[in-house]
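This is what each chain is made of:
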Amino acid sequence: MDQMPPQPPQADTMQEPPDINLQAPVSGGGSPEKLVSVKLSPEQLDMFWKEIDKAKDRRSKVETEWDTLLSAYKPKVSDNTTPEDVKANTHFRNIHTKIGQLFVRSPKIRCIPKGPANAHVMTQYPDPVNPAAPPIQVPMQLDRIVAIRQEVINNFLGRGKINATRLMDECLFDMLAWSGICAVKVGYKATTKPIQQPVMMPDPNFMPPPRTGGIEDLAPAPQPQMVPAIDPITGEQQMETINVVIHEEWYAKRFSAKKLLFNSDLTSNRHNEEAWWIGHEGFMPVKQAVREFQIKEDEITKSDEDDRVHKHEDMNPTSSTGKDLVHYYELYYKGSRIFDDEFHPEAIYQLTLLEGMKDKPAVSRKSPDQSFDEQGKMTSGSLKGFPIKIGCLRDYADSPYPKADSAFTNTSAKELNTFRKQSVKLRDAAIGKYFFDMGAFDSSDLDTLKNGEVGDYIGVKPGLLAQGSDKIFFPTAQLKASSDDYRSAQILKQDMDETLGISSVQAGTPLETTRSATEVADFSSGAQGRQEKERDRAIQFYLDIVEAIDALVIRYADEGDYVAILGPDGTQQFVQWNKFIIDGPMSFDIEPDSSYYTDAAKMRQQDLQFYNLVAQDPLVDRSYVLRRLATRFSFDPNKIIANPAMQMMQPSHGGPANKHQTENSGGKPNAQGADQMGNRQQRTMAPPGGPR
């Protein structure tokens, strides 16, 4: 098992990790000096308030469109006694079809080294000559470090922690359904608890052993034992308060685009590269704000609702407990744009402002997720760029607000809904109405005419039928739908499919006309290029989040944990890790096809073909291919694949080594020298065609 190396001190001494972070906006729980360590002049503070107002004003001009599109997505449901307002639900079909094509599952992350690993990372192996001797320490190989780090980051993205698949579903819905962009806040938060513990000091009564002048004096001198310190005045143990981390979390959380803020003069969809500040607004309980920001309750303006989300019908207009919310703005900006003594272009500063507290910030400091050495270079484990990641699937010229897919099909969807409503009215009109001469029927015959069974006889006044039946009873003109009406609906649907680059086949709907397999394949390949482009944009946004999470893991994961990786013999091993083991320059990519949906039977067939192709190649490690194949067939690879080292110890005849029974020697007696070697070894050494 890999052992953790001694933990070296961090290179950074300029900033320290946060003590606590109960809420995403700040790392609270510390003193006000820690939260406000960067002083802003009144003019600079006023400038930021004006920046926020301009950003909100620009965003408000697109929010109406966002609300319209999200309302168009929602279905309309009524009880059985109310006529249904006809809606085709095309937005639902189109959006979720594309989500299933762009990001099916969380892809497997691959780590690609960009330099050597840490030289201080060591691993221990037992001495093969003397097992009782201390383990041999050797530097850990780079491929092993990469395997551990790769497994660590994939575990952090899994369902038990960040749940990246669910996160991307939320982001893709934002990008496709209504806002065209999505926003994710990435960070680390630790909750600490103050505890009392004795102050320790070297034992003052320790006496080093006398020096004898012998060889034992070459050994390191023994150190005094640490004992509790005693207060010389009171005679009691001295105690100190320390903060112990009781919970920590690495997170990547989506928040509404209606809360996203960035500089109002931004004219690019490269938000994370071109913006000089990015932030968001939010709401938190008053008590939490007082505790985290170390402020007084009468310093802030209270609010009774979070009005920065889309208003659904089920929402309460106000908070359940009244005005108990604080409206805050959390901004991250590039310090080189504000301060003359900040030279690093990627140095990020954090600023948190509270509504009603215009004269001072609640938080103003350098980003706790970054550190720099004495030369001003960013150190390893620092978060590069903004902690808020903005994603979009396409670009929109000279605007930071690209349009969602639904914006391009909303007109056609409305027209299709109108056609469906008219179609219902047309079918109702086809039932028709009837004219009849009220004097031609008595009351009983009139009731039979209106409510009688099929085939009933109805009498009329004598002589009236001589004038012709149409003179006493005839229907009104009946309206009927033509084939062109249904063709119009198909054209509307085809327009939307062509706009979005999807088809009935991709949506799982059978074609109305029977097509050959070649034609169906052509339909799918026609939109393949466009879907691949959008899928690549989604994956790149996903990797931006992965890189941020990896940087925070390298920065804060000092205690470490266990992960399972494949050992050199192909078996699963549990190894211990921390940030000092896995640190090193890395880039990230995904395993090919790991985010696609592929039919299970097709995947099994492909893996079987590949195994048969490479099974006889001496350069191929078949255990790796077998592990993948076993997984495809729902078998546990650790149970179905034997240890290669154990296989080498098994004789070719299947029995124990050096067995001399006649059934294992071809029915012949042992040859000369059988007391020195077994029949299997002798048969192997015999020349071809020689005596056996």
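Predicted model only: the values in this text are computed from it and were never measured.

Thresholds applied
Note that residues are indexed from 1 along each chain, following the sequence as it is written. At least 70 in pLDDT is required for a residue's local features to be given in this predicted model, at least 80 for side-chain atom pairs to be given and counted, and no such filter applies to totals for whole chains, interfaces and linings, which use all residues. Hydrogens and water are ignored here; the side-chain numbers use all heavy atoms of the structure. Runs of H or I in DSSP of at least four residues are treated as helices and runs of E of at least two as strands, each being numbered from the N terminus. Accessible area is worked out with a 1.4 Å probe on protein chains only. A residue is then buried under 20% of its type maximum, exposed over 50%, and partly exposed in between. To be clear on the numbers: accessible area is Shrake-Rupley with a 1.4 Å probe, and residue cover counts the displayed protein chains and nothing else. Pairing of aromatic rings covers Phe, Tyr and the six-membered ring of Trp, with a centre-to-centre limit of 6.5 Å; geometry is then stacked below 30 degrees between planes, edge-to-face above 60, and tilted otherwise. Whether a charge sits over a ring comes down to the Lys NZ or Arg CZ being within 6 Å of the ring centre and within 35 degrees of the ring normal. Paired strands are those between which DSSP finds at least two bridges. For helices, the fitted line uses only the C-alpha atoms of the stretch in contact; every axis is such a line through C-alpha atoms, and the angle between N-to-C directions lies from 0 to 180 degrees. Whether two residues are in contact is decided by their heavy atoms: any pair within 4.5 Å suffices. For classification purposes, an angle smaller than 35 degrees is called roughly parallel, one larger than 145 roughly antiparallel, one from 65 to 115 roughly perpendicular, and anything else oblique. In this classification, the charged set is Asp, Glu, Lys and Arg, the nonpolar set is Ala, Val, Leu, Ile, Met, Phe, Trp, Tyr, Cys and Pro, and all remaining amino acids, among them Gly, are polar. Contacts described as polar in this section are N or O atom pairs within 3.5 Å, which, within protein, must combine one atom able to donate a hydrogen with one able to accept it, while residues neighboring in sequence count only if both atoms come from side chains. pLDDT expresses, on a scale from 0 to 100, how confident the predictor is about each individual residue. Throughout, a crossing is termed right-handed when the near helix is turned clockwise from the far one, and left-handed when it is turned anticlockwise from it by less than a right angle. Throughout this description, the term nonpolar core refers to a set of buried Ala, Val, Leu, Ile, Met, Phe, Trp, Tyr and Cys residues connected via side-chain atoms within 4.5 Å. The span expected for a helix works out to 1.5 Å for each residue beyond the first.

Trainee: Please set out the overall build of the protein residue by residue, giving values where relevant.
Mentor: A count of helical and extended segments in the protein gives 18 helices and 19 strands. Counting only residues that meet the buried cut, the protein has 38% of its 692 residues in that class. Here the protein has roughly 40,200 Å² of accessible surface; of this, 53% comes from carbon and sulfur atoms.

Trainee: Can you break down the packing of aromatic side chains residue by residue, with the values?
Mentor: Scanning all chains against the criterion turns up 16 aromatic pairs. Both rings, one in tryptophan 66 and one in tyrosine 401, keep their centres 5.8 Å apart while their planes meet at 65 degrees; by these two values the pair is edge-to-face. Here tryptophan 66 is found in helix H2 (residues 42-73), whereas its partner tyrosine 401 is found in the loop between strand E14 (388-391) and helix H8 (405-429), with 335 residues between them in sequence. Each member of the pair, tryptophan 66 as well as tyrosine 401, is classed as buried. Among the aromatic residues, those joined into a cluster by ring pairs are Phe48, Trp276, Tyr333, Phe339 and Tyr349. In this arrangement the basic side chain of lysine 189 is found over the ring face of tyrosine 251, its NZ or CZ atom lying 5.5 Å from the centre. The ring of tyrosine 251 has lysine 253 lying over it, and the distance from NZ or CZ to the ring centre is 5.4 Å.

Trainee: Tell me about the sheet that holds strand E4 (residues 182-198), and name the residues and values.
Mentor: Read from one edge to the other, the open sheet built from three strands follows the order E7-E4-E14, with strand pairing classed as antiparallel. The open sheet terminates on both sides in strands that have one partner only, identified here as strand E7 (239-255) and E14. Averaged over all adjacent pairs, the angle separating strand axes in this sheet is 15 degrees, with direction ignored. Of the strand pairs in this sheet, E4 and E14 are connected by four bridges, and their pairing is antiparallel. If you follow alanine 183 over to E14, its bridge partner there is isoleucine 390. The strands touched by helix H5 (residues 164-178) within the sheet are E4, E7 and E14, with E7 carrying the most contacts at an inclination of about 40 degrees.

Trainee: So what about the packing of H2 against H5? Which residues, and what values?
Mentor: Interhelical geometry of H2 versus H5 gives an angle of 100 degrees and a closest axis separation of 9 Å. On the basis of the axis angle, H2 is roughly perpendicular to H5. Contact residues: Trp66, Leu69, Leu70 and Tyr73 in H2; Phe173, Ala177 and Trp178 in H5. Counted by class, the contact of H2 with H5 contains seven nonpolar, no polar and no charged residues.

Trainee: Describe the side chain of threonine 379, listing the residues and the values that go with them.
Mentor: Structurally, threonine 379 is set in the loop between strand E13 (363-366) and E14. Threonine 379 sits in the buried class, given a relative accessible area of 15%. At 2.5 Å, the side chain of threonine 379 and the side chain of serine 371 are in polar contact. If sequence neighbours within four positions are ignored, threonine 379 has contacts with Ser371, Phe372 and Asp373.

Trainee: Describe the confidence of the model for the protein, naming the residues involved and giving the relevant values.
Mentor: Chain-level statistics for the protein give a pLDDT mean of 78 and a share of 75% at 70 or above. This model gives residues 1-32 a pLDDT under 50, and the stretch forms 92 contacts once residues within four places in sequence are excluded. Below pLDDT 50 for its whole length, residues 670-692 participates in 26 contacts with residues either more than four positions away or in separate chains.

Trainee: Explain the packing of helix H3 (residues 90-102) against H5 to me, using residue names and the numbers behind them.
Mentor: The contact between H3 and H5 brings their axes to 10 Å, and the two run at 130 degrees. If you check the angle between H3 and H5, you find them oblique. Handedness of the H3/H5 crossing: right-handed. On the side of H3, the interface is formed by Ile95, His96, Lys98, Ile99 and Leu102, while H5 contributes Asp169, Leu172, Phe173, Leu176 and Ala177. For the contact of H3 with H5, a count of residues per class yields seven nonpolar, one polar and two charged.

Trainee: Describe the nonpolar core, naming the residues involved and giving the relevant values.
Mentor: Membership of the largest hydrophobic core comes to 79 residues, with the highest contact counts inside it found for Ile109, Ile148, Leu260, Ile549, Val553 and Trp577. It is helix H12 (residues 528-556) that contributes the most residues to this core, 14 residues altogether. Of all hydrophobic cores here, the second largest spans 21 residues; its members include Phe48, Leu261, Leu331 and Met378.

Trainee: Run through helix H4 (residues 142-156), naming residues and quoting values.
Mentor: If you check H4, its first and last C-alpha atoms are 21 Å apart, about what 15 residues at 1.5 Å a residue would give, namely 21 Å. Those residues of H4 lying buried are Arg144, Ile145, Val146, Ile148, Arg149, Gln150, Val152, Ile153, Asn154 and Phe156.

Trainee: Outline the pairing of strand E11 (residues 325-334), supporting the account with residue identities and numerical values.
Mentor: Among the ten residues of E11, ten are classified as buried, and the element is accordingly described as predominantly covered. By the alternation rule, side chains of E11 split into Leu325, His327, Tyr329, Leu331 and Tyr333 and Val326, Tyr328, Glu330, Tyr332 and Lys334, which are all buried. Bridge count between strand E9 (residues 277-285) and E11: nine bridges; the pairing is antiparallel. Within E11, the residue paired with glycine 279 across the bridge is leucine 331. Alignment of strand E10 (residues 302-303) against E11, held across two bridges, turns out to be antiparallel. Opposite lysine 302, over in E11, you have valine 326 as the bridge partner.

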